[in-house]
Amino acid sequence: ISSLKNKLYDIESINNQISSNILINNTENKSYKFISENKKENLELPPSNILFVCAADNYIEVFYVNKNNELEKKLIRSKIKTIENDVHNNFLVKTHRSYLCNLKNVSKISKIQNNYFLNFDTYNLKTPVSSQNIEHVFNELNQKTFLFAPKVIFRPKIVLFTTKNATIPLFF
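The text that follows walks through the structure, step by step, so that each part is easy to find.

The rules we used
- Residues numbered from 1 in each chain as written.
- Predicted model: local features only at pLDDT ≥ 70, side-chain atom pairs only at ≥ 80, totals over all residues.
- Heavy atoms only, no water.
- Buried < 20%, exposed > 50% of the residue type's maximum accessible area, 1.4 Å probe, protein only.
- Helix = DSSP H or I, 4+ residues; strand = E, 2+ residues; numbered from the N terminus.
- Pairing = 2+ DSSP bridges.
- Axes fitted to C-alpha atoms, helices over the stretch in contact; angles between N-to-C directions.
- Core = buried A, V, L, I, M, F, W, Y, C linked by side-chain atoms within 4.5 Å.
- Polar contact = N/O pair within 3.5 Å; in protein donor to acceptor, adjacent residues only side chain to side chain.
- Contact = heavy atoms within 4.5 Å.

## Points about the pairing of strand S1 (residues 32-35)
Along S1, the buried face is formed by Tyr32 and Phe34; none of Lys33 and Ile35, which line the opposite face, is buried. Pairing between S1 and strand S2 (residues 42-45): four bridges, direction antiparallel. Among the inter-strand pairings, isoleucine 35 is bridged to a residue of S2, identified as asparagine 42. The antiparallel pairing of S1 with S2 creates a hairpin that spans six residues between the two strands, and lysine 39 there sits at a positive phi of about 65°.

Here it is in structure tokens:
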């Protein structure tokens, strides 16, 4: 029973962190630089402004929030694998073969039929989570250190997601 209460508390904490969207992040003052393969195009942004990166053939589309809090996207000639393997990338998580997402900016997780999506509600966007990556994504969400406002009360709907290797609590 004690273990179950701890898991329930963990789930509530994760939901609080998503709903309040406040993250303790040591890289907040630094910026991340997307560099094109031909080194002619660059995009330098604070990690907190980056929502996700999407593969588009030999290009990537970077979806980010500009200084005026408006959604923008930029096409850069690079491969998503290059960004995924970059040692300076400690905030983008592979959620799908074509997507890397900044989990800090996820507002909620939704399930439509048997498909999971990460929602960025402020900008009315959602990205898919593949069945191969869902366990990894939820583990990443569970391992992040979040700070949330103590007055936020959020009662999650708890569903246990079972894979071959583990049972992971999902929160909605």
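Now that the structure has been shown, the text picks up again.
## Remarks on the sheet that holds strand S10 (residues 125-129)
Whether parallel or antiparallel, the strands of a sheet pair through hydrogen bonds between backbone atoms. Across the sheet, three strands lie side by side as S8-S9-S10; this open sheet has antiparallel pairing. The sheet is open, and its two borders are formed by strand S8 (108-112) and S10, each paired with just one other strand. Neighbour to neighbour, the strand axes of the sheet diverge by 35° on average, direction disregarded. Here S8 runs beside strand S9 (residues 115-120); their pairing, made up of five bridges, is antiparallel.

## What about the nonpolar core?
Grouped burial of nonpolar side chains is what soluble globular proteins tend to show. Counting residues in hydrophobic clusters, the biggest one holds 20 residues, and the most contacted among them are Leu51, Phe52, Leu103, Leu118 and Phe120. At the level of elements, strand S3 (50-56), strand S4 (59-65), strand S7 (99-102), S9 and helix H3 (134-143) are the ones that each hand at least two residues to this core. Counting residues per element, this core draws most heavily on H3, which supplies four residues. Counting 15 residues, the second largest nonpolar core, distinct from the first, contains Tyr32, Val53, Ile83 and Leu100.

## Description of the side chain of serine 48
With respect to the helices, strands and loops of the structure, serine 48 is situated in the loop between S2 and S3. Of the residues examined, serine 48 reaches a relative accessible area of 17% and is grouped as buried. Polar contacts involving the side chain of serine 48 include one to the side chain of asparagine 49, which spans 3.3 Å.

## A word on the sheet that holds strand S6 (residues 92-96)
Strand order in this open sheet of five strands is S5-S4-S3-S7-S6, and the pairing throughout is antiparallel. Both outer strands of the open sheet, strand S5 (71-76) and S6, are each paired with one neighbouring strand and no more. Recorded for the sheet is a direction-independent mean angle of 20° between the axes of neighbouring strands.

## As for the side chain of asparagine 89
Of note, asparagine 89 is situated in the loop between helix H2 (80-85) and S6. Overall, asparagine 89 belongs to the buried group, its relative accessible area being 10%. A distance of 2.9 Å separates a polar atom in the side chain of asparagine 89 from the backbone nitrogen of leucine 92. Every residue in contact with asparagine 89, bar those within four places of it in the chain, is listed here: Tyr32, Ile83 and Glu84.

## Some thoughts on unusual backbone geometry
You will see that asparagine 69, though not glycine, has its phi angle at about 65°, which is positive. Along the polypeptide, asparagine 69 turns up in the loop between S4 and S5. What makes asparagine 69 exposed here is its relative accessible area of 56%. In this structure, glutamine 113 is a non-glycine residue whose phi angle is positive, near 55°. Positionally, glutamine 113 belongs in the loop between S8 and S9.

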